[in-house]
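Residue strings, one per chain:
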Amino acid sequence: MIRNFKLEKMKTIKSVTILLLLFIATCTVAFSQNGNEYKLALSSGKLYVQDLGDVEFSTSSSNEVIIVNKDHRSNQSDRARGLKLINGLGLDDNTGIGLHIKKSDSEATLIQISRNSSSSFNIAVPKSVTIVYEHASVHGKTVHFKKVTNEIEVTTTHSGVRLEEVTGPMTISTVHGDIEGDFVSINQDNPISIFSTHGDIDLAIPSNSKAQLSLSTGWGEIYSDLDIEVNTSN
């Protein structure tokens, strides 16, 4: 659904595409660590985040990715204290907050060490870094993008996506998750594509937005308070 900010919510769009341009960047990486917080020097490029079930993204004003595990210490059992988790993929906790980081010249990847972890993460990302979030398991919660101006790429199976005062560009695809939120403005320089196979899409965009919209649904229905001209010639 596409609507203005002040109106009641309505649901069930299966895809939204706003056609604009493409952006590519590069990155350099360095690290620092402090308690439940981990800092990654990354001024541009891509940050891949894989299978973090409970995470909120925001835009950082610095040149560092700032990662906070809000309850890392409280989630450790007494039996596990002082012991090292053995990960089936051979990954170790090289951040001290339950994550493994892989890096190269052009990108960095965050992977959660424990599949059973219930940790909640806040991740602030420099605005010139593209956020690539992937979650494939059934245990994911809603991933939250709060006042994010970064480019976003999201692929989930069961996790929902919450957008709060975002601008795009973005590519979001989920199978069973719902996608909802609002745009504070529409970035006209790059494409926005939003798709859910079985979930609902409920979005608000500013009434003065100038964009070409392509809306389609396989089995659901489309509701909007925008003046949309329907092409019936096909």
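The shown structure was predicted, so the numbers you read here are calculated from the model rather than taken from an experiment. (Residues numbered from 1 in each chain as written. Predicted model: local features only at pLDDT ≥ 70, side-chain atom pairs only at ≥ 80, totals over all residues. Heavy atoms only, no water.)

Draft legend 1. Focus on the overall build of the chain. For the chain, the count of helices and strands is zero helices and 19 strands. For the chain, with 234 residues in total, the buried portion stands at 41%. Summed over all atoms, the accessible surface of the chain reaches about 12,700 Å², with 48% contributed by carbon and sulfur. (Helix = DSSP H or I, 4+ residues; strand = E, 2+ residues; numbered from the N terminus. Buried < 20%, exposed > 50% of the residue type's maximum accessible area, 1.4 Å probe, protein only. Areas by Shrake-Rupley, 256 points an atom, 1.4 Å probe, with all protein chains shown as cover.)

Draft legend 2. Quick peek at the side chain of Thr 174. Among the structural elements, Thr 174 can be located in strand E15 (residues 170–174). A polar atom in the side chain of Thr 174 sits 3.3 Å from the backbone oxygen of Ser 159. Sequence-distant contacts of Thr 174, that is, excluding residues within four places in its chain, are made with Thr 156, Thr 157, Ser 159, Ile 179, Phe 195, Ser 196 and Thr 197. (Polar contact = N/O pair within 3.5 Å; in protein donor to acceptor, adjacent residues only side chain to side chain. Contact = heavy atoms within 4.5 Å.)

Draft legend 3. Expanded view of the packing of aromatic side chains. Following the criterion strictly, the structure yields two aromatic pairs and no others. For the ring pair Phe 57 and Tyr 133, a centre distance of 6.0 Å and an interplane angle of 80° mean the geometry is edge-to-face. Of the two residues, Phe 57 is situated in strand E6 (residues 55–60) and Tyr 133 in strand E11 (residues 129–135); the sequence distance between them amounts to 76 residues. Here Phe 57 and Tyr 133 have matching classes, each one buried. Ring centres of Phe 57 and Phe 145 lie 5.0 Å apart, and the angle between their planes is 10°; on these two criteria the pair is classed as stacked. Of this pair, Phe 57 sits in strand E6 while Phe 145 sits in strand E12 (residues 143–146), and the two are 88 residues apart along the sequence. Across this residue pair, the class does not change: Phe 57 and Phe 145 are buried. Ring pairing ties together the aromatic residues Phe 57, Tyr 133 and Phe 145, which thus form one cluster. (Phe/Tyr/Trp six-rings, centres within 6.5 Å; stacked < 30°, edge-to-face > 60°.)

Draft legend 4. Main features of unusual backbone geometry. Residue Pro 169 follows Gly 168 across a cis peptide bond; omega there is 0°. In this fold, Pro 169 is placed in the loop between strand E14 (161–166) and E15. In the Ramachandran plot, Lys 147 falls in the positive-phi region, its phi being about 55° despite a non-glycine side chain. Phi at Glu 165 is positive, roughly 55°, even though this residue is not glycine. Summarising the element assignment, Glu 165 is placed in strand E14. Residue class for Glu 165 comes out partly exposed when judged on its relative accessible area of 34%.

Draft legend 5. Looking closely at the pattern of salt bridges. Inspection of every chain in the model, using the stated rule, returns three salt bridges. Where Lys 39 meets Glu 37, a salt bridge forms, and the shortest distance between an N and an O atom there is 3.8 Å. A relative accessible area of 26% means that Lys 39 is categorised as partly exposed. Of the charged contacts in the structure, one is a salt bridge between Lys 46 and Glu 153, with a shortest N-O distance of 3.3 Å. Highlighted residues: Lys 46 in strand E5 (residues 45–50) and Glu 153 in strand E13 (residues 152–156), separated in sequence by 107 residues. (Salt bridge = Lys/Arg side-chain N within 4 Å of Asp/Glu carboxyl O.)

Draft legend 6. Representation of the nonpolar core within the structure. By size, the foremost hydrophobic cluster in this structure holds 39 residues, and its most contacted members are Leu 47, Phe 57, Ile 123 and Phe 145. Excluding its chain neighbours within four sequence positions, the residues that come into contact with Ile 123 are Leu 47, Val 49, Leu 52, Val 55, Glu 56, Phe 57, Ser 58, Val 65, Ile 66, Ile 67 and Leu 110. (Core = buried A, V, L, I, M, F, W, Y, C linked by side-chain atoms within 4.5 Å.)

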